[in-house]
Amino acid sequence: MSSHQHLPFTTTIEVRDTCLCLHLQRAARAVARRFDAALRPLGLTNGQFSLLMSLNREDPPTIGSVSALLAMDRTTLTANLKPLERRGLVKVTIDDADKRTRRVTLTPPGRVLLVAAVPVWKRTHAAIEELLLRSDREELRADLRALS
């Protein structure tokens, strides 16, 4: 590639104004910051809340099923579980039927914290939805699911 090539500034403006990736990243960061601030008094981040919520099931899920639900690779999920495990909020165990499989359980203290966090999530979520004045919220959720 020649060092004499030039990308017009108008292209930069076009990308800035139309790039779905950029706008989704910016919106995701802004929403995450709001949830982080709201959940901070409980000692949780938005990611930890989502992770704990994904464990609220009858049967302990596998690491693989949680990573698929959260669209997170297993290594990242394992790293995110460690602080929750140290706090006694989750427990990672070996599956009885398949020793290669790990299952994650929400502990009683984890359940208590999750119960306390849900009203905070509901209030924050409602406040964020109020900012979507021009959007059909269900349509937006469907569109976001289609992208994921």
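Residues numbered from 1 in each chain as written. Predicted model: local features only at pLDDT ≥ 70, side-chain atom pairs only at ≥ 80, totals over all residues. Heavy atoms only, no water.

A.B. asks: Got a minute to help me understand helix H5 (residues 74–86) in this structure?
C.D. replies: Since the α-helix turns once every 3.6 residues, residues separated by three or four places project in the same direction. Between its first and last C-alpha, H5 extends 18 Å over 13 residues, near the 18 Å set by a 1.5 Å rise per residue. Considered for burial, the residues of H5 that qualify are Leu77, Leu81 and Leu84. In this structure, the buried side of H5 is in contact with helix H3 (46–54), helix H4 (63–69), strand S1 (90–94) and strand S2 (102–106). Measuring from the side-chain oxygen of the N-cap residue of H5 to the backbone nitrogen of Thr75 gives 3.1 Å; that N-cap residue is Asp73. (Helix = DSSP H or I, 4+ residues; strand = E, 2+ residues; numbered from the N terminus. Expected span 1.5 Å × (residues − 1). Buried < 20%, exposed > 50% of the residue type's maximum accessible area, 1.4 Å probe, protein only. Contact = heavy atoms within 4.5 Å. Polar contact = N/O pair within 3.5 Å; in protein donor to acceptor, adjacent residues only side chain to side chain.)

A.B. asks: What is the right way to read the pattern of salt bridges from this model?
C.D. replies: Once their charged atoms are close, side chains differing in charge can pair, the charge on each being opposite to the other. Per the counting criterion, the structure on display carries five salt bridges. Of the charged contacts, one joins Asp17 and Arg16 as a salt bridge, the two residues approaching to 2.7 Å between their closest N and O atoms. Overall, the relative accessible area of 45% leaves Arg16 in the partly exposed class. A salt bridge links Arg100 to Asp98; its shortest N-O distance comes to 3.1 Å. Classification of Arg100 as exposed rests on a relative accessible area of 74%. Among the charged side chains, a salt-bridge network with shared partners connects Glu129, Glu138 and Arg141. (Salt bridge = Lys/Arg side-chain N within 4 Å of Asp/Glu carboxyl O.)

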